[in-house]
Amino acid sequence: NNLLGGESMMAITAAYNIVPYVYKRDPTNDNIPVVPGEEYYNDTIPHEGVHINYVRALEKISDGDFTTNFVHGSKASITRVHPGSPGNAAVQDVADGLVDIAVGPIWITGDRLK
C-alpha cells in the first residue's frame, strides 16, 4: 500500500525544548537550552526526542510511503501572532499552510480550534 506516494512532508516542532519529547542542542556546547535560541531556526541542527524518533519509526514502517523534513516555525507566528504560546504558533503555521504537520506535545485547545 502506497497511500501517500512517497510524499515529503514539512514538519515543525513548537519553539520549546521539552526533554525527552522534543528539543534541539546548542551547537557551541551540546547543551539543551531551557528556552530555545537561534539553534531553533538553524535547520542544519537536528531535532531530537521521542516524538522525533516516533515520526522516524513511522517513516520506516511506511517503507518509503512518506518522509519528513523538519524545519523551523515562522518567526512571525512565534514572536508576533502567538508570542506567549509556542504550541499555538506551531498550529498557526500548519493552518497557514507553511508546513504540513506539527510534531510534539501539542493538544487541542479552544484557541487552536478557531
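Up top you'll find the structure we're talking about.
Everything numeric here is computed off the predicted structure, so don't read it as measured data.

K.L.:
Any details on the packing of aromatic side chains? Residues and values, ideally.
P.N.:
Tallied over the entire structure, the rule returns one aromatic pair. Ring plane angle 85° and centroid distance 5.1 Å describe the contact between tyrosine 40 and tyrosine 41, whose orientation is recorded as edge-to-face. Here tyrosine 40 and tyrosine 41 have matching classes, each one buried. Here lysine 75 stacks its cationic end above the ring of tyrosine 41, 4.6 Å away from the centre of that ring. Sitting over the ring of tryptophan 107, arginine 112 keeps its end group 5.8 Å from the ring centre.

K.L.:
Pulling in residues and values, what's your account of the sheet that holds strand 1 (residues 7-13)?
P.N.:
Strand pairing in a sheet takes place through backbone hydrogen bonds and is either antiparallel or parallel in direction. Spatial ordering of the open sheet is given by 2-1-3, a layout of three strands whose pairing is parallel. Each edge of the sheet is formed by a strand with only one pairing partner; in this case those strands are strand 2 (66-70) and strand 3 (101-103). Averaged over all neighbouring strand pairs, the angle between strand axes comes to 40°, with direction disregarded. As defined by bridge partners, strand 1 adjoins strand 3 across three bridges and the pair is classed as parallel. Bridge pairing links isoleucine 12 to alanine 102 in strand 3.

Rules behind the numbers
- Along each chain, residues carry numbers from 1 onward, in the same order as the chain's sequence is written.
- Residues qualify for local features only when their pLDDT is at least 70, as the model is predicted, and side-chain atom pairs are given and counted only at 80 or more; totals for whole chains, interfaces and linings, by contrast, use all residues.
- Where side-chain values are given, they derive from all heavy atoms of the structure, hydrogens and water being excluded.
- Two aromatic rings from Phe, Tyr or Trp, using only the six-membered ring of Trp, form a pair when their centres are within 6.5 Å; if the ring planes differ by under 30 degrees the pair is stacked, by over 60 it is edge-to-face, and anything between is tilted.
- Only protein chains enter the calculation, and the probe is 1.4 Å; a residue is then buried if its accessible area is under 20% of its type maximum, exposed if over 50%, and partly exposed in between.
- The criterion is that NZ of a Lys, or CZ of an Arg, lies within 6 Å of the ring centre and within 35 degrees of the ring normal, and then a charge sits over that ring.
- Two strands pair if DSSP finds at least two bridges between them.
- Here a helix means four or more residues in a row that DSSP labels H or I, a strand means two or more in a row labelled E, and each is numbered from the N terminus.
- Structural elements are reduced to axes, namely lines fitted to C-alpha atoms, with helices fitted over the stretch in contact, and the angle between N-to-C directions of any two is expressed from 0 to 180 degrees.

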